[in-house]
Amino acid sequence: MGMTAVEKVLARKTGRASLQPGEVVYPDPDFIMIHDGLVRGAKRELDSLGIDRLARPDKVVMVTDHEVIYGSPRAAEFGVINRNAAKAWGVKQFFDVGRGGHGHIFPMESGMLLPGMFYFDNDRHSTNAGAIGAFGFRIGAEISRVLATGTNWVTVPATLRLVLKGKLGRGVYARDVGFYLARLIRQGTIPFEMDYRALEFAGDLDSFDLAERAALCNSPTELGAYGVFFPPSERILAFARERAQHAFAPIYPDPDASYEKQATLAIDGIEPQVALPGEIQTSVDISEAVGQPIDHAFIGSCGSGMYEDLATAASFLKGRRVAPNVRLFVAPGSERTTRRMAADGLLNVLVEAGAILLPAGCGPCNDAVVGPLHAGEVSISTASNSNAGRFGSKQARLFLGSPATVAASAVAGAIADPRGA
Amino acid sequence: MAGTKDFPWLLKGRCYKLGHNVSHAGGVIPDRLITGREMDPQKLIPHLFEESDPGFHQRARAGDIIVTGRNFGMGPKMNGYIAMQALGLGLICESMPYLAYRAAIGCGLRVLTDCHNVTELCETGDEIEVDFQSGQFINRTRDIRKEYPPLPEALQEIVALGGNTGWLKQWWSASKQGAGA
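Keep in mind that what you see is a predicted model, and the values were worked out from it rather than measured.

**Observations concerning the overall build of chain A**
Then, number 1: Along chain A, the regular secondary structure elements total twelve helices and 18 strands.
Then, number 2: Its C-alpha radius of gyration of 21 Å places chain A within 12% of the 22 Å reference for a compact globule of 421 residues.
Then, number 3: The dimensions of chain A, computed from C-alpha atoms along their principal axes, are 55 × 50 × 40 Å.
Then, number 4: In chain A, which comprises 421 residues, the share counted as buried stands at 57%.
Then, number 5: For chain A, restricting intrachain contacts to residue pairs at least 6 apart in sequence, the fraction spanning at least 24 positions comes to 77%.

Structural data, given as structure tokens:
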């Protein structure tokens, strides 16, 4: 019996010939990522037990992305704690403020995260690794055990397979596919139970570049998927080879792999989608949301923060102005992307349009530590979800769309169809 | 590493039955304790099931077993399980989101999931017994026996040591001894 992608990578990392869903294993990760907000808790826990050394400090990657601009005394205190922890633990790969960007984006761009890899992360959007053909498993506060011992227990997830058929229409992007998929799963049209599943994409994937693949990793994660995987195309492999910091060996599912369920999604006729406030499964065709006035817009996050996402947004902002009553925030996914946009003029397009540029990282998508909303205000953004309170007030209404839809809406002052912009 | 043989895997007590889709925030413990990151068992205990059943903690006895329907404890939160563990309770569910199950194990709670239709086999107040190591369920009141998937062997050690922190403590002590030997 063949193996799915997640079974194969976990078999490789545990030295096993084969694995079955449901088995408990202890994979040896390629690296271990901890984000800024979790360091204090992990350091306190290990200190209280007298654990004063990490199993593999050389594998540990510390990233400041959730709260990059210290907007409070507490954040500044966390910054000091994080820097002291890096020093005490001997962590050299410390991407502090202004040094890397979003931990689920810049490692793919810098050749740290490569096809076929496996890593542990405290944060659940580590599923982005599937864009490049790798897996990152969310372990939450149990990252402390990974730091101390080098691994942790993992149950091998069951795998679902989704075959995409067709080609996206003009003005329709990967985020739209993700929102649409969430709606179909909620309706039962695609009969997937996503909790703790690995989702493999297959079919007509060649037109999905790295940014579009990362975007499509996002919605399944919100539905509970633990891993999302795209078999790396020749173009993805070439991208990885150009910048690889290590040797790598891509993995692909076996042709006779066993899936819990499989389904096909025709993507030809998908309209731009808008997720309504509450949860992404509530998405509607954009015609049902057009005209809703907005106060706030945000482009960025792990799902829409790559260079190509921002270039798409910029194409709708070029030569236009953000509507007078709207504040538009843009958070690039990496410092590399910010530099590239400075060099090729895209930053100027954003600034001339009146957008407010944030440092690379999560932006408002992490508990609205920057750019929050007041009760009664309305936002449209590319955030990972539209849960009440994600951008501050629980009485604010949060809509989601693709980078194109958000940019077009920011200019219009109301939710707008990018095909008419 | 520590053996799990002497750990009391068998609980005998009263059934406390809940329905489907009980969320951790509100359904198990008030949201303010979760967002406040309260992890002290003594501070959490008085608030367990407070919103649906005030005074639960005063009536609960060590050995009692919470029996739930599908999709229990939504959200990967630990606060409610810390209180259950400190009270000496057990938990068996028709299903739990994986991360909720993982959180319960991380707190050292005796827990079983995938107990198909278990809520049809008992009512609140029934005298029940659950062996978390073997998966055996017995309802003494109604004379019903059933086998469910046990706690996986690989995870028993974590529960027996009181959860993640207990496990790490034991591991560190063992690795220091190993280094000194």
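Once you've had a look at it, read on.
**Some points on the interface of chain A and chain B**
Then, number 1: In this assembly, 14 residues from chain A lie in contact with 13 residues from chain B.
Then, number 2: Counting residues per element, the side of chain A that touches chain B draws most heavily on helix α5 (residues 143-149) of chain A, which supplies three residues.
Then, number 3: Among the residues forming the side of chain A that touches chain B, the class breakdown is six nonpolar, four polar and four charged.

**A look at the sheet that holds strand β4 (residues 93-95) of chain A**
Residue and element names in this part refer to chain A.
Then, number 1: Reading across the sheet, the five strands line up as β4-β3-β2-β5-β6 and stay open at both edges, with parallel pairing between neighbours. If you trace the sheet from one side to the other, it starts and ends with β4 and β6 (135-138), each paired once. When strand polarity is set aside, the average angle formed by the axes of neighbouring strands in this sheet is 20°.
Then, number 2: Examined bridge by bridge, strand β5 (residues 118-121) and β6 share four bridges and lie parallel to one another. Bridge assignment links Tyr119 to a residue of β6, and that residue is Gly136.

**What about the domain arrangement of chain A?**
Residue and element names in this part refer to chain A.
Then, number 1: With domains assigned, chain A is organised as domain 1 (1-270) and domain 2 (273-420).
Then, number 2: Using only C-alpha atoms to locate each centre, domain 1 and domain 2 end up separated by 24 Å.
Then, number 3: Counting residues at the interface gives 37 residues for domain 1 and 34 residues for domain 2.
Then, number 4: Only α4 (106-109), α6 (174-187) and α7 (210-222) provide two or more residues apiece to the side of domain 1 that touches domain 2.
Then, number 5: Among the residues forming the side of domain 1 that touches domain 2, the class breakdown is 13 nonpolar, 13 polar and eleven charged.

**Structural notes on unusual backbone geometry**
Residue and element names in this part refer to chain B.
Then, number 1: Its identity as a non-glycine residue notwithstanding, Arg37 has a phi of 50°, on the positive side.
Then, number 2: The residue Arg37 is located in the loop between α2 (31-35) and α3 (41-44) in this model.
Then, number 3: Given 10 C-beta atoms within a 10 Å radius, Arg37 is considered exposed.

**Section: helix α3 (residues 73-89) of chain A**
Residues and elements named next belong to chain A.
Then, number 1: Along its 17 residues, α3 runs 24 Å from first to last C-alpha, staying within 8% of the 24 Å computed at 1.5 Å per residue.
Then, number 2: Taken together, the buried positions of α3 are Asn82, Ala85, Ala86 and Trp89. Down the axis of α3, the buried side of the element spans an arc of 100°, and every buried residue falls inside it. The outward face of α3, more than 90 degrees from its buried face, is lined by the exposed residues Pro73, Ala76, Glu77, Val80, Asn84 and Lys87.
Then, number 3: Among the structural elements, α2 (39-48), β3 (60-63) and β4 are those in contact with the buried residues of α3.
Then, number 4: Immediately downstream of α3, the backbone of Gly90 shows phi near 75°, a positive value.

**With respect to the confidence of the model for chain B**
Then, number 1: Per-residue pLDDT for chain B has a mean of 94; in total, 97% of the residues score no lower than 70.
Then, number 2: Of the two predicted TM-score estimates for the complex, the pTM is 0.95 and the ipTM is 0.91.

**Some remarks on the sheet that holds strand β15 (residues 327-330) of chain A**
Residues and elements named next belong to chain A.
Then, number 1: Here five strands make up an open sheet; going across it, the order is β16-β15-β14-β17-β18 and the pairing parallel. Among the strands making up the open sheet, the edge pair consists of β16 (356-357) and β18 (397-400).
Then, number 2: Where β15 meets β16, two bridges bridge the pair, whose relative direction is parallel. Within the sheet, the bridge partner assigned to Val330 lies in β16 and is Leu357.

**Let's talk about the nonpolar core**
Then, number 1: Judged by nonpolar contacts, the single largest core of 187 residues is most densely connected at A:Ile32, A:Ile132, A:Leu317, A:Ala407 and B:Ala104.
Then, number 2: For this core, the two domains that each supply at least three residues are domain 1 (1-270) and domain 2 (273-420) of chain A.
Then, number 3: Dropping the residues within four chain positions of it, A:Ala407 is found in contact with A:Ile299, A:Ala313, A:Phe316 and A:Leu317.

**Side note on the packing of helix α9 (residues 307-317) of chain A against helix α12 (residues 403-412) of chain A**
Residues and elements named next belong to chain A.
Then, number 1: Relative orientation of the contacting elements α9 and α12 amounts to 30°, with a least axis distance of 8 Å. By the criterion of interaxial angle, the relationship of α9 to α12 is roughly parallel. Classified by chirality, the crossing of α12 by α9 is right-handed. Here α9 contributes Asp309, Thr312, Ala313, Phe316 and Leu317 to the contact with α12, which in turn contributes Pro403, Ala404, Val406, Ala407, Ala408 and Val411.

**Quick notes on the packing of α6(A) against α7(A)**
Residues and elements named next belong to chain A.
Then, number 1: Remark: α6 packs on α7, axes separated minimally by 8 Å, with the N-to-C direction vectors making an angle of 20°. With respect to each other, α6 and α7 are oriented roughly parallel. Between α6 and α7 the crossing geometry is right-handed. Of the residues in α7, those in contact with Ala174, Arg175, Val177, Gly178, Phe179, Leu181 and Ala182 of α6 are Glu212, Ala215, Leu216, Asn218, Ser219 and Glu222.
Then, number 2: Of the residues that constitute the contact of α6 with α7, the class distribution is seven nonpolar, three polar and three charged.

**Side note on the pairing of strand β3 (residues 90-93) of chain B**
Residue and element names in this part refer to chain B.
Then, number 1: Covered by surrounding structure in β3 are Gly90 and Ile92 together with Leu91 and Cys93, the residues of both alternating faces.
Then, number 2: Strand direction decides the pairing type here: strand β2 (residues 65-68) and β3, joined by four bridges, are parallel. Each residue of the ladder has a partner; that of Ile65, found in β3, is Gly90.
Then, number 3: For the segment spanning β2, helix α5 (residues 79-86) and β3, crossover handedness is right-handed.
Then, number 4: The pairing of β3 with strand β4 (residues 110-112) spans three bridges and is classified as parallel. What sits directly across from Gly90, in β4, is Arg110.
Then, number 5: In the classification by handedness, the crossover that spans β3, the intervening helix α6 (residues 98-106) and the parallel β4 is right-handed.

About the cut-offs
Residues numbered from 1 in each chain as written. Chains lettered and ligands numbered in written order. Predicted model: local features only at pLDDT ≥ 70, side-chain atom pairs only at ≥ 80, totals over all residues. Helix = DSSP H or I, 4+ residues; strand = E, 2+ residues; numbered from the N terminus. Rg over C-alpha atoms; globule rule 2.2 N^0.38 Å. Buried ≥ 20, exposed ≤ 12 C-beta atoms within 10 Å, placed from the backbone. Contact = placed C-beta atoms within 7 Å. Nonpolar A, V, L, I, M, F, W, Y, C, P; charged D, E, K, R; others polar. Pairing = 2+ DSSP bridges. Axes fitted to C-alpha atoms, helices over the stretch in contact; angles between N-to-C directions. Domains from an automatic or database assignment. Expected span 1.5 Å × (residues − 1). Arc of directions from axis to C-beta. pLDDT = per-residue confidence, 0-100. Core = buried A, V, L, I, M, F, W, Y, C linked by C-beta atoms within 7 Å. Parallel < 35°, antiparallel > 145°, perpendicular 65-115°, else oblique. Left-handed = near helix turned anticlockwise from the far one by under 90°. Right-handed = clockwise from strand over helix to strand, strands pointing away.

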